[in-house]
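# Topology and contacts: notes
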Amino acid sequence: MNSVVIYTDGACKGNPGPGGWGVLLKSGSTEKELYGGERLTTNNRMELMAVIQALQALKRPCAVTLNVDSQYVLKGMTEWLPGWKAKGWRTSTKQPVKNQELWQALDELVNKSGHVIEWRWVRGHNGDIGNERADVLANKGVDVAMGRLPAPM
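As a starting point, this report considers the structure included with it. Computed from a prediction, not measured in an experiment: that's the story for all the values here.

What counts, and where the lines are drawn
All chains use their own residue numbering, which begins from 1 and follows the written sequence. Reporting in this predicted model follows two pLDDT cut-offs: at least 70 for local features of residues, and 80 or more for side-chain atom pairs to be given and counted; totals over whole chains, interfaces and linings ignore these cut-offs and use all residues. Hydrogens and water molecules were not included; the side-chain quantities draw on all heavy atoms of the structure. A run of H or I in DSSP counts as a helix once it spans at least four residues, and a run of E counts as a strand once it spans at least two, with each numbered from the N terminus. Helices are assigned an expected span. That span is 1.5 Å times one less than the residue count. Residue burial is assigned from relative accessible area. The probe radius is 1.4 Å, only protein chains are included, and a residue is buried under 20% of its type maximum, exposed over 50%, and partly exposed in between. The directions considered for the arc run from the helix axis to the C-beta atoms. Between N or O atoms, a polar contact is any pair within 3.5 Å; within protein, one atom must be a potential hydrogen donor and the other a potential acceptor, and residues adjacent in sequence are included only when both atoms are from side chains. Angles run from 0 to 180 degrees between N-to-C directions of axes, and those axes are lines fitted to C-alpha atoms, restricted for helices to the stretch in contact. Put simply, angles under 35 degrees are roughly parallel, angles over 145 are roughly antiparallel, angles from 65 to 115 are roughly perpendicular, and the rest are oblique. A clockwise turn of the near helix away from the far one marks a right-handed crossing, whereas an anticlockwise turn of less than a right angle marks a left-handed crossing. Residues are treated as being in contact if the distance between any of their heavy atoms lies within 4.5 Å. By the convention adopted, Pro, Cys, Tyr, Trp, Phe, Met, Ile, Leu, Val and Ala count as nonpolar, Lys, Arg, Asp and Glu as charged, and the other residues, Gly among them, as polar. Here, the term nonpolar core denotes a set of buried Ala, Val, Leu, Ile, Met, Phe, Trp, Tyr and Cys residues that are joined through side-chain atoms within 4.5 Å. Think of it this way: DSSP has to see at least two bridges between two strands before they count as a pair.

Right, let's talk about helix α4 (residues 129–145) for a bit. The end-to-end C-alpha distance of α4, which contains 17 residues, comes to 25 Å, matching closely the 24 Å that a straight helix rising 1.5 Å per residue would cover. Residues of α4 that are buried include every one of Gly-130, Asn-131, Ala-134, Asp-135, Leu-137, Ala-138, Gly-141, Val-142, Val-144 and Ala-145, and no others. Seen along its axis, α4 keeps its buried residues to an arc of 165 degrees; they face one direction. Seen from the open side of α4, the exposed residues pointing more than 90 degrees away from its buried face are Ile-129 and Val-136. By the N-cap criterion, in which a side-chain oxygen at the helix start approaches the backbone nitrogen of a residue two or three places on, α4 is capped by Asp-128, the distance to Gly-130 being 3.1 Å.

Written out as structure tokens, the structure is:
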């Protein structure tokens, strides 16, 4: 099983507003950068999209170290998800889970991909090189959403 280190980040200019997601994948000496964006979105949606896009980019089951600076994504995947599913996608206060379709897509990816994932939280904007690169890519995604940069191929 290949080992992959992934850094993800989301960005939003206004919340809601134009947003972007960025991903840095590293396996051995190989690196790949991904980014994209949406014209009207939220920061939390972009944080989720970054992780979804990162995992979709992997072509076979991998041992993944997944670095996120979003407590929302980390706690959602490591703490809250089982409860949401058991309660019919309701929160502890009986409200509908926000971004349910993205959580469901991520849950399916995690459970059907064969990846072994170690979830790690890194403090954003704190000098972690991988996180800083993911942040730059997320902001490129904002530029794509706003038409200032062409979409990546």
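Right, let's get into the packing of helix α1 (residues 43–57) against helix α3 (residues 100–112). Running from N to C, α1 and α3 cross one another at 25 degrees; their axes reach a closest spacing of 10 Å. Viewed along their axes, α1 and α3 adopt a mutual orientation that is roughly parallel. Crossing of α1 over α3 shows left-handed handedness. Contacts between α1 and α3 involve Arg-45, Leu-48, Met-49, Val-51, Ile-52, Leu-55 and Gln-56 from the former and Glu-101, Leu-102, Trp-103, Ala-105, Leu-106, Leu-109 and Val-110 from the latter. Class assignment for the residues of the contact of α1 with α3 results in eleven nonpolar, one polar and two charged.

Before going further, it helps to spend a moment on the nonpolar core. Core analysis: the biggest nonpolar cluster contains 34 residues, and Ile-6, Leu-55, Trp-103, Leu-106 and Trp-119 have the highest contact counts within it. The set of elements that each furnish at least two residues to this core consists of β1 (2–12), β2 (17–27), α1, β4 (62–68), α2 (71–86), α3 and β5 (116–121). Per element, the largest residue contribution to this core is eight residues, and it comes from α1. The residues contacting Trp-119, other than those within four sequence positions of it, are Val-51, Leu-66, Val-73, Leu-74, Met-77, Thr-78 and Val-110.

Bringing the pairing of β1 into the picture now. A large share of β1 lies buried, amounting to eight of its eleven residues. Where β1 lies against β4, seven bridges are found, and the strand directions are parallel. In the strand pairing of β4, Val-4 is matched with Val-64. Judged from the eight bridges that link them, β1 and β2 form a sheet pairing that is antiparallel. Residue pairing in the sheet places Ala-11 in a bridge with Gly-20 of β2. If you look at the hairpin formed by β1 and β2, you'll find four residues sitting between the two strands, and Gly-14 has a positive phi there, around 95 degrees.

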